[in-house]
Amino acid sequence: MIYQDFLQGLADIIGAIIGFLKPIVTPIGEFMVTWIEYVLVIFPRENFIVYIVICVILIATAVFVNCYWPGNKRPKHLKDKGMEFTTTENEKIL
Amino acid sequence: MRTARVFRWIMRIFILLLTASLSVVTILGGLSAVNILSDPNNIQVPAQGYSITSNVIGPNDTWYVNVPIGINNVGYFDLNNLELDFSLEMEFNSTGDDSIHNTTIYNDVQNFGNLQRGSSGVFEFNATSFTVPSFHFLEPYEFRANITVSAYYSLDLILFEIHIIDLDIS
Amino acid sequence: MGAPKNMVKGLIFMGIYTVVTIVIPLITFSYMRVLSIQGFAIELTQEGYESISFWIIAFGLLISGCAFFTYSSPKQSIRKGVFALIQVLINCLYMWSYKFSGATDIRIDIGGYGYVILIVTQLVLVYMGVYFLTIAIKIYDLVDFSINRQSIREARWQD
């Protein structure tokens, strides 16, 4: 019974939240559906090769980009100003 | 933390709240379905049998069909916009040979409004305006009903339709 | 974080997305084909099943690929922002493609009498609205990462 009451209470709270937000969110959802239906037309059906190729290209590009720009190099403007930090990581690199 | 990040976190919490709410609605909707469907007496279409009243089968007679639907809403949400679509087909022989004709003599929708959670109700569908062909029928004749009961559930997020096809009510 | 660590992180998330967007839905729909509720079978036609499977695998592959790119990118980098945005957009297509496959109309056959249909389009519309807000956040992130690029890089260097 307590369990049922809890679920009923939960349903009331969620009902209030959804009831308040639904009129705002649903029209936005309808707008989303409009553009999605246009975009979906250009996606090929019954041909997996295109999707596999795109997936492989994405992974290969990510590997390549990460090798060249791993994101742990010192920013150029800091180098120019000669700024240094004394963190352990930096000390190791320096 | 940068101010830009604080604003982002507020937005994320808002989205999380919405997503969690939708998940809870889905779960409670599923639990409601289990509650309702676990007892066959909770939905009775039609309930207590139907009645067709007609003295003599013919085009000028007064016809009357009554279809009661019994629903016991033991779920967590209200049942909204309950509608019953009733169509009645008649198979008959009007020529005396073996040919059987088929015609729709009634098709209409009635709205019964809402049924609050925890309550039960019997909704009566009454059909009176029939389109009967203008000739006399010979035996045998049969009536077949197509009944569709539809309603919104889970805060109007889910629409369910119960289709009963070719129900022999002769 | 160095390149190998980035890529390990990307691989882990790609695995998670592959399981969530391809493996679990495929298993669920395969299970649904033979599922019956209180003796009433849930009807999923062969055509419907093939259509659902196709979209799940197709968009699942794209989402997983994007996830690898997103999660292998440095924290708060512009490329992370761009691919996170692309990933959410593909996620929307993935979700709506269920509609085209008929998966948003769940049909339960009542043997001999008729059938019951559950139409969850309205629920999907609300989810789409939530996705819009997610897209807005991703665009916001992208603008934030671009405008505050220098300070982000400095902070990352300090970490």
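Above: the structure in question.
Parameters and conventions
- Residues numbered from 1 in each chain as written.
- Chains lettered and ligands numbered in written order.
- Predicted model: local features only at pLDDT ≥ 70, side-chain atom pairs only at ≥ 80, totals over all residues.
- Heavy atoms only, no water.
- Contact = heavy atoms within 4.5 Å.
- Buried area = accessible area lost by both parts, 1.4 Å probe.
- Salt bridge = Lys/Arg side-chain N within 4 Å of Asp/Glu carboxyl O.
- Polar contact = N/O pair within 3.5 Å; in protein donor to acceptor, adjacent residues only side chain to side chain.
- Helix = DSSP H or I, 4+ residues; strand = E, 2+ residues; numbered from the N terminus.
- Nonpolar A, V, L, I, M, F, W, Y, C, P; charged D, E, K, R; others polar.
- Expected span 1.5 Å × (residues − 1).
- Buried < 20%, exposed > 50% of the residue type's maximum accessible area, 1.4 Å probe, protein only.
- Phe/Tyr/Trp six-rings, centres within 6.5 Å; stacked < 30°, edge-to-face > 60°.
- Core = buried A, V, L, I, M, F, W, Y, C linked by side-chain atoms within 4.5 Å.

**Observations concerning the interface of chain C and chain A**
Part 1 of the argument: The partner chain A presents 45 residues to the 43 residues of chain C that form the contact.
Part 2 of the argument: Here chain C and chain A share an interface that buries about 4000 Å² over both sides, 79% of which is from carbon and sulfur atoms.
Part 3 of the argument: Contact with chain A buries surface across chain C, with Phe54, Leu93 and Trp157 of chain C losing the most and accounting together for 20% of the total.
Part 4 of the argument: For the pair chain C and chain A, the number of links is 0 salt bridges.
Part 5 of the argument: Connecting chain C to chain A are 4 residue pairs in polar contact (both at pLDDT 80 or more).
Part 6 of the argument: At the level of secondary structure, the elements contributing two or more residues to the side of chain C that touches chain A comprise helix 1 (3-33), helix 2 (46-72), helix 3 (78-100), helix 4 (121-147) and helix 5 (149-158) of chain C.
Part 7 of the argument: Take the side of chain C that touches chain A: its biggest share by element is 12 residues, from helix 2 of chain C.
Part 8 of the argument: In the side of chain C that touches chain A, the residues fall into 29 nonpolar, 10 polar and 4 charged.

**A short note on helix 4 of chain C**
Part 1 of the argument: In this model, helix 4 of chain C (27 residues) spans 39 Å end to end at C-alpha, consistent with the 39 Å of a helix rising 1.5 Å per residue.
Part 2 of the argument: Across the 27 residues of helix 4 of chain C, 19 count as buried, placing the element largely inside the fold.

**A look at the pattern of salt bridges**
Part 1 of the argument: Taken as a whole and assessed by the stated rule, the structure comprises 2 salt bridges over all chains.
Part 2 of the argument: A salt bridge links arginine 117 of chain B to aspartate 12 of chain A, with the shortest nitrogen-to-oxygen separation between them at 2.7 Å. With arginine 117 of chain B in the loop between strand 5 (101-115) and strand 6 (120-127) and aspartate 12 of chain A in helix 1 (residues 2-40), the pair connects residues from two separate chains.
Part 3 of the argument: Classification of arginine 117 of chain B as partly exposed rests on a relative accessible area of 31%.
Part 4 of the argument: In this structure aspartate 12 of chain A comes out as partly exposed when scored by relative accessible area, which is 37%.
Part 5 of the argument: Here arginine 8 of chain B ties to aspartate 141 of chain C by a salt bridge, and the two come within 2.5 Å at their closest N and O atoms. Of this pair, arginine 8 of chain B sits in helix 1 (residues 3-37) while aspartate 141 of chain C sits in helix 4, on two different chains. Assigned by exposure class, arginine 8 of chain B and aspartate 141 of chain C land together as buried.

**Focus: the packing of aromatic side chains**
Part 1 of the argument: This structure, assessed with the given rule, holds 19 aromatic pairs over all chains.
Part 2 of the argument: Considering the side-chain rings of tyrosine 106 of chain B and phenylalanine 125 of chain B, the 6.2 Å spacing of their centres and the 85° angle between planes classify their relative orientation as edge-to-face. Here tyrosine 106 of chain B, found in strand 5, pairs with phenylalanine 125 of chain B, found in strand 6; they are 19 residues apart in sequence, far enough to count as distant. Each member of the pair tyrosine 106 of chain B and phenylalanine 125 of chain B is classed as buried.
Part 3 of the argument: An aromatic cluster is built from Phe43, Phe48 and Tyr51 of chain A together with Phe54, Trp55 and Phe59 of chain C, whose rings are joined through pairwise contacts.

**Details of the interface of chain A and chain B**
Part 1 of the argument: Tallying the contact residues gives 14 residues for chain A and 16 residues for chain B.
Part 2 of the argument: The contact between chain A and chain B buries some 1200 Å² in all, and 73% of this surface belongs to carbon and sulfur atoms.
Part 3 of the argument: The largest contributions to the chain A side of the interface with chain B come from Gln8, Ile14 and Ile18 of chain A, which together make up 34% of the buried area.
Part 4 of the argument: Our count for the chain A to chain B interface comes out at 1 salt bridge.
Part 5 of the argument: The tally of links between chain A and chain B comes to 3 residue pairs in polar contact (both at pLDDT 80 or more).

**A closer look at the nonpolar core**
Part 1 of the argument: Within the largest apolar cluster, 105 residues are counted, with the highest numbers of intra-cluster contacts made by Phe86, Leu88 and Ile147 of chain B together with Phe59 of chain C.
Part 2 of the argument: Sort the elements by how many residues they give to this core and helix 2 of chain C lands first, with 13 residues.
Part 3 of the argument: When residues no more than four places from it in sequence are discounted, the contact partners of phenylalanine 59 of chain C are Leu40 and Phe43 of chain A together with Ile90, Leu93, Tyr94 and Ser97 of chain C.

**Here we look at the side chain of asparagine 42 of chain B**
Residues and elements named next belong to chain B.
Part 1 of the argument: One can find asparagine 42 in the loop between helix 1 and strand 1 (43-44).
Part 2 of the argument: With relative accessibility at 4%, the residue asparagine 42 sits in the buried group.
Part 3 of the argument: At 3.4 Å, the side chain of asparagine 42 and the backbone oxygen of asparagine 35 are in polar contact.
Part 4 of the argument: Each residue touching asparagine 42, except ones within four places of it in the same chain, is listed here: Asn35, Ile36, Gly70, Ile71, Asn72 and Val74.

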